[in-house]
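Summary of the model geometry
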Amino acid sequence: FWLVFSESFHPQWRVYLLPSTTLTDIVAEYPNLGVKEARQTVKFTPADMRYLFAKPLNIAHYQVNGYANGWYVDPKKLGLGENFTFVLFFWPQALFYVGLVLTSLTFIVSTIFYFKLCLNNLREKKNE
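This is a predicted model, so every value here is computed, not measured. (Residues numbered from 1 in each chain as written. Predicted model: local features only at pLDDT ≥ 70, side-chain atom pairs only at ≥ 80, totals over all residues. Heavy atoms only, no water.)

**Side note on unusual backbone geometry**
We note that asparagine 65 has phi near 55°; this positive angle belongs to a residue other than glycine. Note on placement: asparagine 65 falls in the loop between β5 (61–64) and β6 (68–72). (Helix = DSSP H or I, 4+ residues; strand = E, 2+ residues; numbered from the N terminus.)

Structure below.
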């Protein structure tokens, strides 16, 4: 079957297999394919950074409908059973979050260091 994600095509989208979960908010069912489509209920958290180090599924990635991301999934070829859940992960966004954390930490440490220097200079001037 085709997995089509209606987001502008970018080659850095990755597909990961998620441990089996129970789908709650089903928005569409395709009985002839045995597929259920669920609404996304999970938001990005820092724990999602694990996908930076995980190995994505080896699924060919295509541009679909002239703009979207698409993957042709053959569960038998991938060794998947009947029930599985995918995570679509955008690598550049994760790298942005890593950069944001590092930049924030650098700013905080630099600010603390600056104020310590200012306090030391004030103490030296008082002692003169």
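**Considerations on a nonpolar patch on the surface**
A cluster of nonpolar residues, Trp2, Val4, Tyr62 and Tyr72, forms a patch on the protein surface that exposes about 420 Å² of accessible area. By the secondary structure assignment, tyrosine 72 is in strand β6. (Patch = residues over 30% accessible without salt bridge, like charges linked within 9 Å, V, L, I, M, F, W, Y side chains within 5 Å. Areas by Shrake-Rupley, 256 points an atom, 1.4 Å probe, with all protein chains shown as cover. Salt bridge = Lys/Arg side-chain N within 4 Å of Asp/Glu carboxyl O.)

**A short note on the confidence of the model for the protein**
On average, residues of the protein score 81 in pLDDT, and 90% of them reach the 70 mark or higher. By mean pLDDT, the top-scoring element of the protein is helix α2 (residues 91–127) (88), and the lowest-scoring one is strand β4 (residues 35–38) (75). (pLDDT = per-residue confidence, 0-100.)

**Considerations on the pairing of β6**
Of all five residues in β6, four are buried; the element is thus mostly enclosed. Where strand β1 (residues 2–8) and β6 come together, five bridges link them in antiparallel fashion. Looking at the pairing, tryptophan 2 lines up with tyrosine 72 of β6. As paired elements, β5 and β6 share four bridges and run antiparallel to each other. What sits directly across from valine 64, in β6, is alanine 68. Between β5 and β6, which pair antiparallel one after the other, the connecting turn spans three residues, and asparagine 65 there sits at a positive phi close to 55°. (Buried < 20%, exposed > 50% of the residue type's maximum accessible area, 1.4 Å probe, protein only. Pairing = 2+ DSSP bridges.)

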